[in-house]
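Chain and residue survey
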Amino acid sequence: MGGRPSSPLDKRQQQHLRGQVDALLRNFLPQYRGHLAASKLPRVREHRGPLTQLWGHPPQWQQIFCVLRGDGRLEWFSHREEYENGGRPLGSTALTGYTILTSQREYLHLLDALCPDSSGDHTQEEPDPLLEMPVNFPLFLQHPFRRHLCFSAATGEAQRSWRLALQGGIRLRGTVLQRSQAPAALAFLEAVRLYRQHQGHFGHDDVTLGSDAEVLTTVLMRELLPALRAQTLPRLRGAGRARAWAWTELLDAVHAVVLAGASAGLRAFQPEKDELLAALERTIRPDVDQMLRLRARLAGRLRAEIQGPLESCLHRKVDVQLPRITQTLRNTVEAALAAVQTLLAQGMDRLCLHLRGKPSGMRLRKEVYSFGEMPWDPELMQICYREAERSRGRLRQLVAPFGFLGSRSLVFGAQDLAQQLMADAVATFLQLADQCLTTALDCNQAAQQLEKVRGRVLKKFQSDSGSAQRRFIRRWQICIFLPFVLSQLEPSCKLELPEFEGDVLAVGSPALTIEGIYEDVIRGILLQRIDRDEETEAQRETCSRQPGSCTEVQPLCPLSPPGTLRS
(Lines give C-alpha, C1' and ligand atoms only; values in the text may rest on other atoms or scores of the structure.)
Protein backbone atom coordinates (compact mmCIF):
# COMPACT_ATOMS: atom_id res chain seq x y z
CA MET A 1 0.00 0.00 0.00
CA GLY A 2 1.31 3.42 -0.89
CA GLY A 3 4.41 2.00 -2.61
CA ARG A 4 5.22 2.88 -6.18
CA PRO A 5 3.79 0.20 -8.49
CA SER A 6 6.21 -1.59 -10.76
CA SER A 7 6.13 -0.60 -14.40
CA PRO A 8 4.15 -2.87 -16.74
CA LEU A 9 6.92 -2.26 -19.29
CA ASP A 10 10.12 -4.21 -19.23
CA LYS A 11 13.49 -2.58 -19.87
CA ARG A 12 13.51 -3.53 -23.52
CA GLN A 13 10.15 -1.86 -24.08
CA GLN A 14 11.21 1.24 -22.17
CA GLN A 15 14.39 1.46 -24.19
CA HIS A 16 12.39 1.13 -27.40
CA LEU A 17 10.10 3.99 -26.35
CA ARG A 18 13.07 6.18 -25.47
CA GLY A 19 14.41 5.46 -28.94
CA GLN A 20 11.06 6.49 -30.41
CA VAL A 21 11.17 9.77 -28.46
CA ASP A 22 14.72 10.43 -29.64
CA ALA A 23 13.66 9.81 -33.22
CA LEU A 24 10.68 12.13 -32.78
CA LEU A 25 12.92 14.88 -31.43
CA ARG A 26 15.44 14.41 -34.23
CA ASN A 27 12.68 14.87 -36.79
CA PHE A 28 10.69 17.51 -34.91
CA LEU A 29 13.35 19.89 -33.61
CA PRO A 30 14.59 20.99 -37.05
CA GLN A 31 10.99 21.85 -37.95
CA TYR A 32 10.52 23.61 -34.63
CA ARG A 33 13.67 25.66 -35.09
CA GLY A 34 12.49 26.64 -38.55
CA HIS A 35 9.08 27.69 -37.30
CA LEU A 36 10.58 29.61 -34.41
CA ALA A 37 12.54 31.60 -36.98
CA ALA A 38 9.56 31.90 -39.31
CA SER A 39 7.35 33.17 -36.47
CA LYS A 40 9.56 36.25 -36.31
CA LEU A 41 9.01 37.05 -39.97
CA PRO A 42 6.12 38.99 -41.46
CA ARG A 43 4.06 36.88 -43.83
CA VAL A 44 4.82 36.48 -47.50
CA ARG A 45 1.75 35.50 -49.48
CA GLU A 46 2.38 32.02 -50.87
CA HIS A 47 2.82 32.18 -54.62
CA ARG A 48 2.82 29.20 -56.94
CA GLY A 49 2.53 28.35 -60.60
CA PRO A 50 4.27 26.81 -63.62
CA LEU A 51 7.62 28.13 -64.82
CA THR A 52 10.39 26.95 -67.09
CA GLN A 53 13.79 26.42 -65.47
CA LEU A 54 17.28 26.06 -66.91
CA TRP A 55 18.79 23.10 -65.07
CA GLY A 56 20.50 19.75 -65.43
CA HIS A 57 23.81 18.67 -67.00
CA PRO A 58 24.03 19.91 -69.65
CA PRO A 59 21.53 22.60 -68.65
CA GLN A 60 18.26 22.62 -70.56
CA TRP A 61 15.00 24.54 -70.27
CA GLN A 62 12.46 22.25 -68.56
CA GLN A 63 8.91 22.71 -67.29
CA ILE A 64 8.56 22.81 -63.49
CA PHE A 65 6.02 23.88 -60.87
CA CYS A 66 7.33 26.56 -58.47
CA VAL A 67 6.14 27.41 -54.95
CA LEU A 68 7.21 30.43 -52.90
CA ARG A 69 6.53 29.55 -49.26
CA GLY A 70 5.32 31.99 -46.63
CA ASP A 71 8.75 32.09 -44.98
CA GLY A 72 10.48 33.24 -48.17
CA ARG A 73 11.73 29.85 -49.29
CA LEU A 74 11.45 28.86 -52.97
CA GLU A 75 10.76 25.23 -53.98
CA TRP A 76 10.31 23.66 -57.40
CA PHE A 77 8.69 20.37 -58.38
CA SER A 78 8.61 18.30 -61.56
CA HIS A 79 4.87 19.04 -61.93
CA ARG A 80 1.87 20.39 -60.01
CA GLU A 81 0.65 16.94 -58.95
CA GLU A 82 3.97 16.21 -57.27
CA TYR A 83 3.48 19.32 -55.13
CA GLU A 84 -0.20 18.66 -54.39
CA ASN A 85 0.54 15.04 -53.36
CA GLY A 86 3.20 16.17 -50.88
CA GLY A 87 6.15 14.95 -52.92
CA ARG A 88 9.73 16.06 -52.41
CA PRO A 89 10.77 19.10 -54.42
CA LEU A 90 13.43 18.82 -57.11
CA GLY A 91 15.20 21.68 -55.38
CA SER A 92 14.73 24.52 -52.93
CA THR A 93 16.54 27.59 -51.68
CA ALA A 94 16.18 30.34 -49.11
CA LEU A 95 16.01 33.61 -51.04
CA THR A 96 18.46 35.44 -48.78
CA GLY A 97 20.94 37.55 -50.74
CA TYR A 98 19.51 37.02 -54.22
CA THR A 99 18.75 39.77 -56.71
CA ILE A 100 16.34 39.47 -59.63
CA LEU A 101 17.13 40.31 -63.24
CA THR A 102 14.39 40.31 -65.86
CA SER A 103 16.61 41.10 -68.86
CA GLN A 104 18.38 38.26 -70.65
CA ARG A 105 20.91 40.68 -72.13
CA GLU A 106 21.72 42.07 -68.67
CA TYR A 107 22.13 38.59 -67.23
CA LEU A 108 24.46 37.45 -70.03
CA HIS A 109 26.52 40.59 -69.48
CA LEU A 110 26.77 39.67 -65.78
CA LEU A 111 27.95 36.16 -66.70
CA ASP A 112 30.60 37.61 -69.00
CA ALA A 113 31.91 39.74 -66.12
CA LEU A 114 32.14 36.85 -63.66
CA CYS A 115 35.37 35.50 -65.17
CA PRO A 116 37.40 38.62 -65.97
CA ASP A 117 40.31 36.67 -67.45
CA SER A 118 38.15 35.22 -70.26
CA SER A 119 38.68 36.63 -73.71
CA GLY A 120 35.13 37.85 -74.12
CA ASP A 121 34.95 36.16 -77.54
CA HIS A 122 31.94 33.81 -77.43
CA THR A 123 31.93 32.82 -81.10
CA GLN A 124 33.96 29.63 -80.51
CA GLU A 125 31.93 28.40 -77.53
CA GLU A 126 29.77 25.30 -77.53
CA PRO A 127 26.05 25.98 -78.09
CA ASP A 128 24.68 27.94 -75.17
CA PRO A 129 21.12 27.05 -74.14
CA LEU A 130 20.65 30.62 -73.01
CA LEU A 131 21.24 31.74 -76.58
CA GLU A 132 19.65 28.77 -78.39
CA MET A 133 16.29 29.68 -76.91
CA PRO A 134 15.74 33.41 -76.43
CA VAL A 135 13.76 33.96 -73.24
CA ASN A 136 10.80 36.29 -73.57
CA PHE A 137 9.87 36.62 -69.88
CA PRO A 138 12.95 35.64 -67.84
CA LEU A 139 13.47 35.65 -64.09
CA PHE A 140 17.19 35.32 -63.30
CA LEU A 141 18.03 34.96 -59.59
CA GLN A 142 21.64 35.97 -59.06
CA HIS A 143 23.63 35.53 -55.83
CA PRO A 144 27.27 36.49 -55.19
CA PHE A 145 28.06 33.08 -53.62
CA ARG A 146 25.33 30.73 -54.83
CA ARG A 147 24.40 28.92 -58.02
CA HIS A 148 22.26 31.14 -60.23
CA LEU A 149 18.63 30.18 -60.75
CA CYS A 150 17.23 30.80 -64.24
CA PHE A 151 13.46 30.73 -64.73
CA SER A 152 11.10 31.84 -67.47
CA ALA A 153 7.41 32.74 -67.22
CA ALA A 154 4.82 32.14 -69.93
CA THR A 155 3.53 35.73 -70.06
CA GLY A 156 4.56 39.22 -69.07
CA GLU A 157 1.81 39.28 -66.44
CA ALA A 158 3.11 36.04 -64.87
CA GLN A 159 6.66 37.41 -64.96
CA ARG A 160 5.57 40.56 -63.10
CA SER A 161 3.62 38.68 -60.42
CA TRP A 162 6.56 36.32 -59.82
CA ARG A 163 9.01 39.22 -59.72
CA LEU A 164 7.00 41.04 -57.06
CA ALA A 165 6.51 37.87 -55.02
CA LEU A 166 10.20 36.95 -55.18
CA GLN A 167 11.26 40.47 -54.23
CA GLY A 168 9.06 40.19 -51.16
CA GLY A 169 10.65 36.88 -50.23
CA ILE A 170 14.17 38.25 -50.70
CA ARG A 171 13.41 41.23 -48.45
CA LEU A 172 11.69 39.04 -45.87
CA ARG A 173 14.65 36.69 -45.57
CA GLY A 174 17.18 39.50 -45.62
CA THR A 175 15.89 41.67 -42.79
CA VAL A 176 15.07 39.02 -40.19
CA LEU A 177 17.73 40.26 -37.75
CA GLN A 178 17.14 43.95 -38.42
CA ARG A 179 13.44 43.58 -37.56
CA SER A 180 14.08 41.66 -34.37
CA GLN A 181 13.96 43.51 -31.06
CA ALA A 182 15.50 40.59 -29.18
CA PRO A 183 18.67 41.57 -27.28
CA ALA A 184 20.45 38.51 -28.66
CA ALA A 185 19.82 39.63 -32.27
CA LEU A 186 21.04 43.15 -31.53
CA ALA A 187 24.11 41.76 -29.78
CA PHE A 188 24.86 39.51 -32.75
CA LEU A 189 24.68 42.39 -35.24
CA GLU A 190 26.91 44.53 -33.03
CA ALA A 191 29.40 41.67 -32.69
CA VAL A 192 29.54 41.27 -36.48
CA ARG A 193 30.16 45.00 -36.88
CA LEU A 194 33.03 44.95 -34.36
CA TYR A 195 34.52 41.77 -35.83
CA ARG A 196 34.64 43.36 -39.28
CA GLN A 197 35.83 46.65 -37.85
CA HIS A 198 38.82 44.90 -36.27
CA GLN A 199 39.62 43.59 -39.75
CA GLY A 200 39.58 47.11 -41.16
CA HIS A 201 36.02 47.11 -42.60
CA PHE A 202 34.41 50.18 -41.05
CA GLY A 203 31.69 51.10 -43.54
CA HIS A 204 28.19 49.69 -43.10
CA ASP A 205 27.19 47.35 -45.93
CA ASP A 206 24.72 44.58 -46.73
CA VAL A 207 26.71 41.78 -45.08
CA THR A 208 24.19 41.59 -42.22
CA LEU A 209 21.26 40.60 -44.44
CA GLY A 210 19.98 37.16 -43.47
CA SER A 211 19.84 34.90 -40.43
CA ASP A 212 22.76 34.67 -38.01
CA ALA A 213 24.23 31.64 -39.80
CA GLU A 214 23.75 33.26 -43.22
CA VAL A 215 25.44 36.46 -42.04
CA LEU A 216 28.48 34.56 -40.74
CA THR A 217 28.58 32.61 -44.00
CA THR A 218 28.62 35.83 -46.03
CA VAL A 219 31.39 37.26 -43.83
CA LEU A 220 33.58 34.19 -44.38
CA MET A 221 32.76 33.88 -48.08
CA ARG A 222 33.94 37.46 -48.61
CA GLU A 223 37.18 36.57 -46.87
CA LEU A 224 37.63 33.38 -48.92
CA LEU A 225 36.70 34.84 -52.30
CA PRO A 226 40.09 36.34 -53.29
CA ALA A 227 41.92 33.08 -52.57
CA LEU A 228 39.24 31.04 -54.34
CA ARG A 229 39.55 33.23 -57.41
CA ALA A 230 43.33 33.00 -57.45
CA GLN A 231 43.58 29.26 -56.80
CA THR A 232 40.54 27.81 -58.54
CA LEU A 233 39.42 30.07 -61.35
CA PRO A 234 42.46 29.40 -63.60
CA ARG A 235 41.84 25.63 -63.37
CA LEU A 236 38.17 25.72 -64.32
CA ARG A 237 37.41 23.98 -67.59
CA GLY A 238 35.36 25.57 -70.31
CA ALA A 239 35.32 29.08 -71.64
CA GLY A 240 33.20 32.17 -71.39
CA ARG A 241 29.73 31.64 -69.99
CA ALA A 242 30.12 27.90 -69.46
CA ARG A 243 33.14 28.68 -67.32
CA ALA A 244 31.17 31.33 -65.44
CA TRP A 245 28.43 28.80 -64.70
CA ALA A 246 31.05 26.34 -63.43
CA TRP A 247 32.39 29.08 -61.18
CA THR A 248 28.95 29.73 -59.65
CA GLU A 249 28.51 25.99 -59.02
CA LEU A 250 31.86 25.86 -57.24
CA LEU A 251 30.91 28.87 -55.11
CA ASP A 252 27.58 27.21 -54.31
CA ALA A 253 29.36 24.09 -53.03
CA VAL A 254 31.71 26.16 -50.85
CA HIS A 255 28.78 28.23 -49.58
CA ALA A 256 26.84 25.08 -48.61
CA VAL A 257 29.76 23.72 -46.55
CA VAL A 258 30.35 27.05 -44.84
CA LEU A 259 26.65 27.54 -44.08
CA ALA A 260 26.35 24.04 -42.61
CA GLY A 261 29.39 24.66 -40.43
CA ALA A 262 28.15 28.07 -39.26
CA SER A 263 24.72 26.64 -38.43
CA ALA A 264 26.23 23.76 -36.46
CA GLY A 265 28.60 26.07 -34.64
CA LEU A 266 25.82 28.44 -33.60
CA ARG A 267 23.68 25.53 -32.42
CA ALA A 268 26.58 24.21 -30.36
CA PHE A 269 27.07 27.69 -28.90
CA GLN A 270 23.45 27.96 -27.74
CA PRO A 271 23.92 26.21 -24.34
CA GLU A 272 27.01 28.31 -23.67
CA LYS A 273 25.08 31.47 -24.64
CA ASP A 274 22.23 30.58 -22.28
CA GLU A 275 24.70 29.91 -19.46
CA LEU A 276 26.56 33.15 -20.14
CA LEU A 277 23.36 35.21 -20.09
CA ALA A 278 22.26 33.58 -16.83
CA ALA A 279 25.68 34.24 -15.25
CA LEU A 280 25.66 37.86 -16.39
CA GLU A 281 22.19 38.32 -14.92
CA ARG A 282 23.45 37.03 -11.55
CA THR A 283 26.64 39.12 -11.51
CA ILE A 284 25.54 42.39 -13.12
CA ARG A 285 22.37 43.04 -11.14
CA PRO A 286 24.04 43.52 -7.72
CA ASP A 287 26.82 45.74 -9.14
CA VAL A 288 24.90 47.69 -11.77
CA ASP A 289 24.98 51.03 -9.93
CA GLN A 290 28.74 50.84 -9.40
CA MET A 291 29.28 49.88 -13.03
CA LEU A 292 27.15 52.75 -14.30
CA ARG A 293 29.03 55.24 -12.13
CA LEU A 294 32.38 53.96 -13.42
CA ARG A 295 31.07 54.04 -16.98
CA ALA A 296 29.96 57.66 -16.61
CA ARG A 297 33.32 58.66 -15.08
CA LEU A 298 35.33 57.00 -17.84
CA ALA A 299 33.01 58.45 -20.50
CA GLY A 300 33.71 61.95 -19.16
CA ARG A 301 37.47 61.42 -19.27
CA LEU A 302 37.31 59.94 -22.77
CA ARG A 303 35.11 62.77 -24.01
CA ALA A 304 37.67 65.32 -22.87
CA GLU A 305 40.45 63.31 -24.52
CA ILE A 306 38.86 62.92 -27.96
CA GLN A 307 36.78 66.09 -28.23
CA GLY A 308 39.36 68.01 -30.25
CA PRO A 309 40.03 65.41 -32.97
CA LEU A 310 36.35 64.44 -33.08
CA GLU A 311 35.22 68.04 -33.50
CA SER A 312 37.74 68.54 -36.28
CA CYS A 313 36.51 65.41 -38.08
CA LEU A 314 32.86 66.40 -37.79
CA HIS A 315 33.52 69.96 -38.92
CA ARG A 316 35.63 68.96 -41.94
CA LYS A 317 33.89 65.80 -43.11
CA VAL A 318 30.34 65.49 -41.75
CA ASP A 319 28.73 68.91 -41.32
CA VAL A 320 28.43 69.77 -45.02
CA GLN A 321 26.76 66.49 -46.01
CA LEU A 322 24.63 65.86 -42.91
CA PRO A 323 21.66 68.09 -43.98
CA ARG A 324 21.64 66.68 -47.53
CA ILE A 325 21.77 63.07 -46.41
CA THR A 326 19.14 63.68 -43.74
CA GLN A 327 16.80 65.23 -46.30
CA THR A 328 17.31 62.34 -48.71
CA LEU A 329 16.54 59.84 -45.93
CA ARG A 330 13.46 61.85 -45.04
CA ASN A 331 12.31 61.93 -48.66
CA THR A 332 12.79 58.16 -48.93
CA VAL A 333 10.66 57.22 -45.95
CA GLU A 334 8.13 60.07 -46.28
CA ALA A 335 7.23 59.06 -49.83
CA ALA A 336 6.76 55.40 -48.88
CA LEU A 337 4.59 56.20 -45.85
CA ALA A 338 2.51 58.76 -47.75
CA ALA A 339 1.71 56.03 -50.28
CA VAL A 340 0.72 53.72 -47.40
CA GLN A 341 -1.65 56.36 -46.01
CA THR A 342 -3.27 56.84 -49.42
CA LEU A 343 -3.81 53.10 -49.90
CA LEU A 344 -5.12 52.73 -46.35
CA ALA A 345 -7.64 55.57 -46.80
CA GLN A 346 -8.78 54.17 -50.14
CA GLY A 347 -9.27 50.72 -48.61
CA MET A 348 -11.37 52.07 -45.73
CA ASP A 349 -13.40 54.25 -48.12
CA ARG A 350 -14.07 51.20 -50.27
CA LEU A 351 -15.46 49.27 -47.31
CA CYS A 352 -17.73 52.17 -46.29
CA LEU A 353 -18.99 52.49 -49.86
CA HIS A 354 -19.77 48.78 -50.12
CA LEU A 355 -21.59 48.87 -46.81
CA ARG A 356 -23.83 51.73 -47.98
CA GLY A 357 -24.69 49.68 -51.06
CA LYS A 358 -26.26 46.96 -48.87
CA PRO A 359 -24.10 44.13 -50.19
CA SER A 360 -24.74 40.46 -49.56
CA GLY A 361 -23.01 38.89 -46.58
CA MET A 362 -20.69 36.93 -48.86
CA ARG A 363 -19.69 40.03 -50.82
CA LEU A 364 -19.02 42.01 -47.65
CA ARG A 365 -16.90 39.19 -46.18
CA LYS A 366 -14.88 39.13 -49.39
CA GLU A 367 -14.25 42.89 -49.19
CA VAL A 368 -13.25 42.68 -45.53
CA TYR A 369 -10.88 39.81 -46.32
CA SER A 370 -9.30 41.79 -49.18
CA PHE A 371 -8.85 44.76 -46.86
CA GLY A 372 -7.19 42.57 -44.22
CA GLU A 373 -4.79 41.17 -46.82
CA MET A 374 -3.61 44.58 -48.05
CA PRO A 375 -0.22 44.51 -46.22
CA TRP A 376 0.61 41.14 -47.82
CA ASP A 377 -0.53 41.97 -51.36
CA PRO A 378 2.72 42.46 -53.32
CA GLU A 379 0.97 44.09 -56.27
CA LEU A 380 -0.77 46.66 -54.08
CA MET A 381 2.18 47.33 -51.76
CA GLN A 382 4.51 47.73 -54.73
CA ILE A 383 3.22 51.31 -54.97
CA CYS A 384 4.76 52.00 -51.54
CA TYR A 385 7.89 49.91 -52.11
CA ARG A 386 8.63 51.71 -55.37
CA GLU A 387 8.59 55.05 -53.55
CA ALA A 388 11.26 53.75 -51.17
CA GLU A 389 13.43 52.87 -54.17
CA ARG A 390 13.27 56.25 -55.90
CA SER A 391 15.98 58.01 -53.87
CA ARG A 392 18.36 55.03 -53.90
CA GLY A 393 20.68 56.36 -56.60
CA ARG A 394 20.87 59.84 -55.10
CA LEU A 395 21.49 58.41 -51.64
CA ARG A 396 24.21 56.05 -52.87
CA GLN A 397 26.01 59.00 -54.44
CA LEU A 398 25.80 61.10 -51.25
CA VAL A 399 26.97 58.39 -48.84
CA ALA A 400 29.78 56.94 -50.99
CA PRO A 401 32.46 59.26 -49.47
CA PHE A 402 31.61 57.81 -46.05
CA GLY A 403 32.19 54.20 -47.10
CA PHE A 404 28.51 53.32 -46.71
CA LEU A 405 27.54 50.40 -48.96
CA GLY A 406 24.27 49.40 -47.32
CA SER A 407 21.77 51.06 -49.64
CA ARG A 408 19.93 47.79 -50.20
CA SER A 409 19.51 47.25 -46.46
CA LEU A 410 18.29 50.82 -46.10
CA VAL A 411 15.65 50.46 -48.83
CA PHE A 412 14.57 47.11 -47.39
CA GLY A 413 14.20 48.83 -44.01
CA ALA A 414 11.95 51.53 -45.46
CA GLN A 415 9.84 48.88 -47.21
CA ASP A 416 9.58 46.80 -44.03
CA LEU A 417 8.45 49.91 -42.16
CA ALA A 418 5.78 50.63 -44.77
CA GLN A 419 4.47 47.06 -44.57
CA GLN A 420 4.49 47.01 -40.75
CA LEU A 421 2.64 50.32 -40.41
CA MET A 422 0.07 49.19 -42.97
CA ALA A 423 -0.42 45.92 -41.07
CA ASP A 424 -0.82 47.75 -37.74
CA ALA A 425 -3.34 50.21 -39.20
CA VAL A 426 -5.39 47.48 -40.90
CA ALA A 427 -5.49 45.45 -37.68
CA THR A 428 -6.54 48.54 -35.69
CA PHE A 429 -9.34 49.34 -38.15
CA LEU A 430 -10.73 45.79 -38.10
CA GLN A 431 -10.55 45.63 -34.30
CA LEU A 432 -12.35 48.97 -33.80
CA ALA A 433 -14.91 48.10 -36.47
CA ASP A 434 -15.64 44.82 -34.73
CA GLN A 435 -16.24 46.69 -31.46
CA CYS A 436 -18.62 49.32 -32.85
CA LEU A 437 -20.67 47.32 -35.38
CA THR A 438 -23.70 45.44 -34.05
CA THR A 439 -26.63 43.65 -35.64
CA ALA A 440 -28.92 46.46 -34.43
CA LEU A 441 -27.41 48.90 -36.98
CA ASP A 442 -28.68 49.22 -40.52
CA CYS A 443 -26.22 49.62 -43.41
CA ASN A 444 -26.16 53.43 -43.35
CA GLN A 445 -25.67 53.54 -39.58
CA ALA A 446 -22.91 50.96 -39.85
CA ALA A 447 -21.22 52.99 -42.59
CA GLN A 448 -21.35 56.08 -40.39
CA GLN A 449 -19.68 54.17 -37.57
CA LEU A 450 -16.97 52.96 -39.95
CA GLU A 451 -16.31 56.52 -41.09
CA LYS A 452 -15.68 57.51 -37.47
CA VAL A 453 -13.33 54.55 -37.12
CA ARG A 454 -11.61 55.67 -40.33
CA GLY A 455 -10.84 59.07 -38.82
CA ARG A 456 -9.41 57.52 -35.65
CA VAL A 457 -7.26 55.08 -37.60
CA LEU A 458 -5.82 57.79 -39.87
CA LYS A 459 -5.06 60.00 -36.89
CA LYS A 460 -3.24 57.14 -35.16
CA PHE A 461 -1.42 56.27 -38.39
CA GLN A 462 -0.12 59.83 -38.74
CA SER A 463 1.14 59.77 -35.17
CA ASP A 464 2.72 56.32 -35.50
CA SER A 465 4.31 57.06 -38.87
CA GLY A 466 5.78 60.36 -37.62
CA SER A 467 7.59 58.72 -34.70
CA ALA A 468 8.60 55.70 -36.82
CA GLN A 469 10.01 58.03 -39.47
CA ARG A 470 12.15 59.85 -36.92
CA ARG A 471 13.51 56.55 -35.57
CA PHE A 472 14.25 55.34 -39.10
CA ILE A 473 16.16 58.49 -40.06
CA ARG A 474 18.19 58.53 -36.84
CA ARG A 475 19.10 54.85 -37.13
CA TRP A 476 20.43 55.25 -40.66
CA GLN A 477 22.23 58.49 -39.86
CA ILE A 478 24.17 56.56 -37.23
CA CYS A 479 24.79 53.65 -39.63
CA ILE A 480 26.20 56.06 -42.23
CA PHE A 481 28.28 58.38 -40.08
CA LEU A 482 29.42 56.42 -37.00
CA PRO A 483 31.63 53.84 -38.80
CA PHE A 484 33.16 56.64 -40.85
CA VAL A 485 33.98 58.76 -37.80
CA LEU A 486 35.43 55.73 -36.01
CA SER A 487 37.68 55.00 -38.99
CA GLN A 488 38.88 58.62 -39.07
CA LEU A 489 39.74 58.60 -35.35
CA GLU A 490 41.31 55.13 -35.40
CA PRO A 491 44.94 56.25 -36.03
CA SER A 492 45.02 58.73 -33.14
CA CYS A 493 42.30 58.49 -30.51
CA LYS A 494 42.16 54.71 -30.17
CA LEU A 495 45.81 54.64 -29.20
CA GLU A 496 44.80 56.39 -25.97
CA LEU A 497 42.42 53.63 -24.86
CA PRO A 498 44.91 51.29 -23.11
CA GLU A 499 45.52 53.84 -20.35
CA PHE A 500 41.84 53.52 -19.37
CA GLU A 501 41.80 49.72 -19.55
CA GLY A 502 42.91 49.18 -15.95
CA ASP A 503 39.81 50.80 -14.48
CA VAL A 504 37.56 48.57 -16.57
CA LEU A 505 39.50 45.39 -15.79
CA ALA A 506 39.18 46.10 -12.06
CA VAL A 507 35.41 45.66 -12.36
CA GLY A 508 35.88 42.17 -13.80
CA SER A 509 32.69 42.12 -15.87
CA PRO A 510 32.57 41.40 -19.62
CA ALA A 511 29.56 43.72 -19.83
CA LEU A 512 31.87 46.74 -19.48
CA THR A 513 34.60 47.34 -22.07
CA ILE A 514 36.66 50.43 -22.75
CA GLU A 515 36.05 50.07 -26.48
CA GLY A 516 32.30 50.02 -25.87
CA ILE A 517 32.47 53.17 -23.74
CA TYR A 518 34.64 54.87 -26.36
CA GLU A 519 32.14 54.15 -29.15
CA ASP A 520 29.21 55.22 -26.97
CA VAL A 521 30.90 58.57 -26.33
CA ILE A 522 31.38 59.14 -30.07
CA ARG A 523 27.83 58.00 -30.80
CA GLY A 524 26.46 60.40 -28.18
CA ILE A 525 28.34 63.39 -29.59
CA LEU A 526 27.30 62.46 -33.12
CA LEU A 527 23.65 62.28 -32.00
CA GLN A 528 24.01 65.75 -30.48
CA ARG A 529 25.19 66.99 -33.84
CA ILE A 530 22.28 65.31 -35.60
CA ASP A 531 19.76 66.76 -33.14
CA ARG A 532 21.15 70.27 -33.56
CA ASP A 533 21.03 69.97 -37.32
CA GLU A 534 17.35 69.03 -37.00
CA GLU A 535 16.75 72.00 -34.68
CA THR A 536 18.32 74.34 -37.22
CA GLU A 537 16.25 72.88 -40.03
CA ALA A 538 13.06 73.16 -37.95
CA GLN A 539 13.82 76.85 -37.26
CA ARG A 540 14.38 77.47 -40.97
CA GLU A 541 11.04 75.85 -41.81
CA THR A 542 9.28 77.97 -39.18
CA CYS A 543 10.82 81.12 -40.62
CA SER A 544 9.87 80.15 -44.17
CA ARG A 545 6.24 79.71 -43.10
CA GLN A 546 6.23 83.05 -41.25
CA PRO A 547 8.20 85.55 -43.38
CA GLY A 548 9.66 88.47 -41.44
CA SER A 549 8.99 86.92 -38.05
CA CYS A 550 12.44 85.34 -37.58
CA THR A 551 15.98 86.51 -37.77
CA GLU A 552 18.29 84.51 -40.00
CA VAL A 553 19.04 81.11 -38.53
CA GLN A 554 22.76 80.51 -38.21
CA PRO A 555 24.62 77.21 -37.93
CA LEU A 556 24.99 75.90 -34.42
CA CYS A 557 28.36 75.91 -32.70
CA PRO A 558 29.97 72.48 -32.72
CA LEU A 559 29.53 70.65 -29.42
CA SER A 560 27.98 73.75 -27.81
CA PRO A 561 25.03 73.33 -25.44
CA PRO A 562 21.66 72.92 -27.19
CA GLY A 563 20.20 76.24 -28.29
CA THR A 564 23.56 78.06 -28.39
CA LEU A 565 24.05 79.97 -31.65
CA ARG A 566 27.32 80.79 -33.33
CA SER A 567 28.12 84.48 -32.80
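Above: the structure in question.
Predicted model, so just to flag it, every value in this text is computed and none were measured.

To continue, consider the overall build of the chain. In terms of helices and strands, the chain carries 17 helices and seven strands. The burial tally for the chain puts 41% of its 567 residues in the buried class. Carbon and sulfur atoms make up 54% of the accessible area of the chain, which amounts to about 31,100 Å² in all.

Below, the discussion takes up the sheet that holds strand E2 (residues 60–68). Read across the sheet, seven strands follow the order E4-E3-E2-E1-E7-E6-E5 without closing on themselves; strand pairing throughout is antiparallel. Looking at strand neighbours, the two that pair on one side only are strand E4 (91–94) and strand E5 (99–101), the edges of this open sheet. Averaged over neighbouring strand pairs, the angle between their axes works out to 35° when direction is ignored. Helix-sheet contacts for helix H5 (residues 156–174) involve strand E1 (47–55), E2, strand E3 (73–77), E4, E5 and strand E6 (138–142), and the interaxial angle to E1 is about 90°.

This part covers the pairing of E2. Examined bridge by bridge, E1 and E2 share nine bridges and lie antiparallel to one another. Within E2, the position partnered with Gly-49 by the bridge is Cys-66. Linkage of E1 to E2, two consecutive antiparallel strands, is achieved through a turn of four residues, within which Gly-56 is found at a positive phi near 100°. Two elements, E2 and E3, share four bridges in a ladder whose sense is antiparallel. Bridge pairing links Phe-65 to Phe-77 in E3. Following E2, the chain reverses through four residues before pairing antiparallel with E3; Gly-72 in that reversal takes a positive phi of roughly 80°.

Under the definition given, this model contains 26 salt bridges. For Glu-84, the salt bridge goes to Arg-80, with nearest N and O atoms at 3.7 Å. Placement of both Glu-84 and Arg-80 in helix H2 (residues 80–84) is noted, with a separation of four residues, approximately one turn of the helix. A salt bridge links Glu-214 to Arg-173, with the shortest nitrogen-to-oxygen separation between them at 3.9 Å. Linking Glu-214 in helix H8 (residues 212–232) with Arg-173 in helix H5, this pair joins segments that are 41 residues apart in sequence. The buried category is assigned to Glu-214, whose relative accessible area is 13%.

As a further point, take the side chain of Gln-419. Tracing the sequence through the fold places Gln-419 in helix H14 (residues 407–436). Using a relative accessible area of 7% as the deciding quantity, one classes Gln-419 as buried. For Gln-419, the side chain forms a polar contact with the main-chain oxygen of Pro-375, separated by 3.1 Å.

Pairs of aromatic rings are described using the distance from one ring centre to the other and the angle between the two planes. Taken as a whole, this structure holds nine aromatic pairs when the rule is applied. Ring centres 5.0 Å apart and planes at 80° place the aromatic pair Phe-402 and Phe-481 in the edge-to-face group. Here Phe-402 is found in the loop between helix H13 (392–399) and H14, whereas its partner Phe-481 is found in helix H15 (residues 443–489), with 79 residues between them in sequence. Like Phe-402, the residue Phe-481 is buried in the burial classification. Ring-pair connections join several aromatic residues into one group, and the members of that group are Phe-65, Phe-77 and Tyr-83. In this structure, Arg-171 packs its charged tip against the face of Tyr-385, placed 4.6 Å from the ring centre.

Thresholds, definitions, all that
- Residues numbered from 1 in each chain as written.
- Predicted model: local features only at pLDDT ≥ 70, side-chain atom pairs only at ≥ 80, totals over all residues.
- Heavy atoms only, no water.
- Helix = DSSP H or I, 4+ residues; strand = E, 2+ residues; numbered from the N terminus.
- Buried < 20%, exposed > 50% of the residue type's maximum accessible area, 1.4 Å probe, protein only.
- Areas by Shrake-Rupley, 256 points an atom, 1.4 Å probe, with all protein chains shown as cover.
- Pairing = 2+ DSSP bridges.
- Axes fitted to C-alpha atoms, helices over the stretch in contact; angles between N-to-C directions.
- Contact = heavy atoms within 4.5 Å.
- Salt bridge = Lys/Arg side-chain N within 4 Å of Asp/Glu carboxyl O.
- Polar contact = N/O pair within 3.5 Å; in protein donor to acceptor, adjacent residues only side chain to side chain.
- Phe/Tyr/Trp six-rings, centres within 6.5 Å; stacked < 30°, edge-to-face > 60°.
- Lys NZ or Arg CZ within 6 Å of the ring centre and 35° of its normal.

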